[in-house]
Amino acid sequence: MAEPTRRFGVGYALAPKKQQSFIQVSLMNLARSRGIDLIRIDTDKPLVDQGPFDCVLHKVCGEDWKKQLEDYSAKNPNALIIDSPEAIERLHNRISMLEVVSELNIENETESFGIPKQIVIYDWDTLLDPSAWVEGLKFPVIAKPLVADGSAKSHKMSLVFNQDGLSKLKPPTVLQEFVNHGGVIFKVYVVGDYVKCVKRKSLPDVSEEKLGSLEGSLSFSQVSNITTSERNDDKYYEMMDLEDADMPPESFITDIACGIQRVSKLHLFNFDVIRDTRIGDRYLVIDINYFPGYAKMPSYETVLTDFLWGVLNKKETGLGNLQVISCEKEARKLIGNNTCEGTDGPLPVSPLNREETENPIQV
Ligand SMILES: Nc1ncnc2c1ncn2[C@@H]1O[C@H](COP(=O)(O)OP(=O)(O)OP(=O)(O)O)[C@@H](O)[C@H]1O
Ligand SMILES: O=P(O)(O)O[C@H]1[C@H](OP(=O)(O)O)[C@@H](OP(=O)(O)O)[C@@H](O)[C@@H](O)[C@@H]1OP(=O)(O)O
Ligand SMILES: [Mg+2]
Ligand SMILES: [Mg+2]
């Protein structure tokens, strides 16, 4: 392969765990061979004193970091910030996160989609009085922390079977209808205009009979990432056959992915989808994550390198549809969404969500 004529510096600011999983030698080498140097940003030092970077990738929370990005943008107006902190923040709250889905307008004759019924509870009185909940929200419910900032705490969930299980919860909490879905979730990874859907193990269905005999609640965390050694042998868990589950239609999933991208203005995210077993062709989005565990996505090195190369070269050649978004202080340049937007007919997203079975682990 010919040597790239122009080199680009991409700074990344990631928590140590994320850095370890994402910044693999294979990714660094492939990116380097395409003229892209991935450079660690030291978050203990001012960002403005580092670089210069053509692009900044980041998953760091907080007002201080946001201010640092603003200062960096002001000083380096051509640097691409992927993604905007304001857009990412929307995913840090499990209510505003799923409101993105409610804003989508997708026509589909066969399949339908939505989000499960959910309510946010701020106080004990409302928590312990199910008659005060939104109409139709019944047991079992999943209690999720309102905040979804990637901390271990934000992943701690409880499946609550009856009123007894409520007393263990701590407001503020989101109570979400638990929807039987055959024990399989679909994880849809999005990287710019690339979409990839994979299957993962999920929680098993809860039958009416089981509901009557189960104790108050069951706690769990990151169920789709659980390894065999961590497997809880509780009789509640049972075998599920991931292989047998049909994938959702590719174009339908791609339409939802593009829709979420358009509404959220994010380029690096994944979302979890379940198929409601009560209504076969109904799909529910239950979670959206910023900058997820891409290293588990097949060929992640190529996908991420292609994405970076694309945005950097569009910028460099002046062909990119850069979008200037004004924020309170100054205008900041962000990468433009020039792939999924405003097209008639099929959206130009790579139809790559081939059937793939991942994480063949019993929950
Ligand atoms: N409404 C629901 N109905 C049925 N199962 C659900 C529902 N919500 C969540 N689950 C199950 O619980 C798991 C964890 O929920 P969720 O994805 O919201 O948590 P998370 O900690 O944000 O996950 P991630 O690790 O993907 O960030 C899901 O992967 C799925 O198996
Ligand atoms: O990569 P990280 O350590 O950040 O963890 C992410 C985790 O990936 P990992 O399994 O590689 O750990 C992701 O799993 P997949 O969706 O890819 O299955 C998902 O759970 C994200 O929500 C996590 O991000 P967080 O919410 O914690 O920031
Ligand atoms: Mg999830
Ligand atoms: Mg999540």
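Being a predicted model, the structure only gives us computed values, none of them experimental. (Residues numbered from 1 in each chain as written. Chains lettered and ligands numbered in written order. Predicted model: local features only at pLDDT ≥ 70, side-chain atom pairs only at ≥ 80, totals over all residues. Heavy atoms only, no water.)

Looking at the nonpolar core
Membership of the largest hydrophobic core comes to 62 residues, with the highest contact counts inside it found for Leu268, Phe271, Ile288 and Tyr294. Top contributing element to this core by residue count: helix α9 (residues 300–317), with seven residues. Residue contributions to this core reach at least three from each of two domains, namely domain 1 (8–83 + 302–317) and domain 2 (90–290). Core analysis: the next-biggest nonpolar cluster, separate from the first, contains twelve residues, Met157, Phe161, Leu214 and Val223 among them. (Core = buried A, V, L, I, M, F, W, Y, C linked by side-chain atoms within 4.5 Å. Buried < 20%, exposed > 50% of the residue type's maximum accessible area, 1.4 Å probe, protein only. Helix = DSSP H or I, 4+ residues; strand = E, 2+ residues; numbered from the N terminus. Domains from an automatic or database assignment.)

Some remarks on the confidence of the model for the protein chain
Residues with a pLDDT of 70 or more make up 82% of the protein chain, whose mean pLDDT is 84. This model gives residues 227–238 a pLDDT under 50, and the stretch forms 21 contacts once residues within four places in sequence are excluded. Under a pLDDT of 50 for its full length, residues 319–363 has, in the predicted model, 135 contacts with residues more than four places off or in other chains. (pLDDT = per-residue confidence, 0-100. Contact = heavy atoms within 4.5 Å.)

Regarding the site of ligand 1
Close to ligand 1 lie 23 residues, the nearest being Lys144, His155, Gln176, Ser202 and Asn289. Within the side chain of Arg94, a nitrogen or oxygen atom sits 3.0 Å from an oxygen atom of ligand 1. A distance of 2.8 Å separates an oxygen atom of ligand 1 from a polar atom in the side chain of Asn289. Relative to its free-state accessible area of 610 Å², ligand 1 is covered by the protein chains to the extent of 97%. It is strand β14 (residues 282–290) that contributes the most residues to the shell around ligand 1, three residues altogether. Residues that form the shell around ligand 1 fall into these classes: eleven nonpolar, six polar and six charged. (Near = heavy atom within 4 Å. Polar contact = N/O pair within 3.5 Å; in protein donor to acceptor, adjacent residues only side chain to side chain. Areas by Shrake-Rupley, 256 points an atom, 1.4 Å probe, with all protein chains shown as cover. Nonpolar A, V, L, I, M, F, W, Y, C, P; charged D, E, K, R; others polar.)

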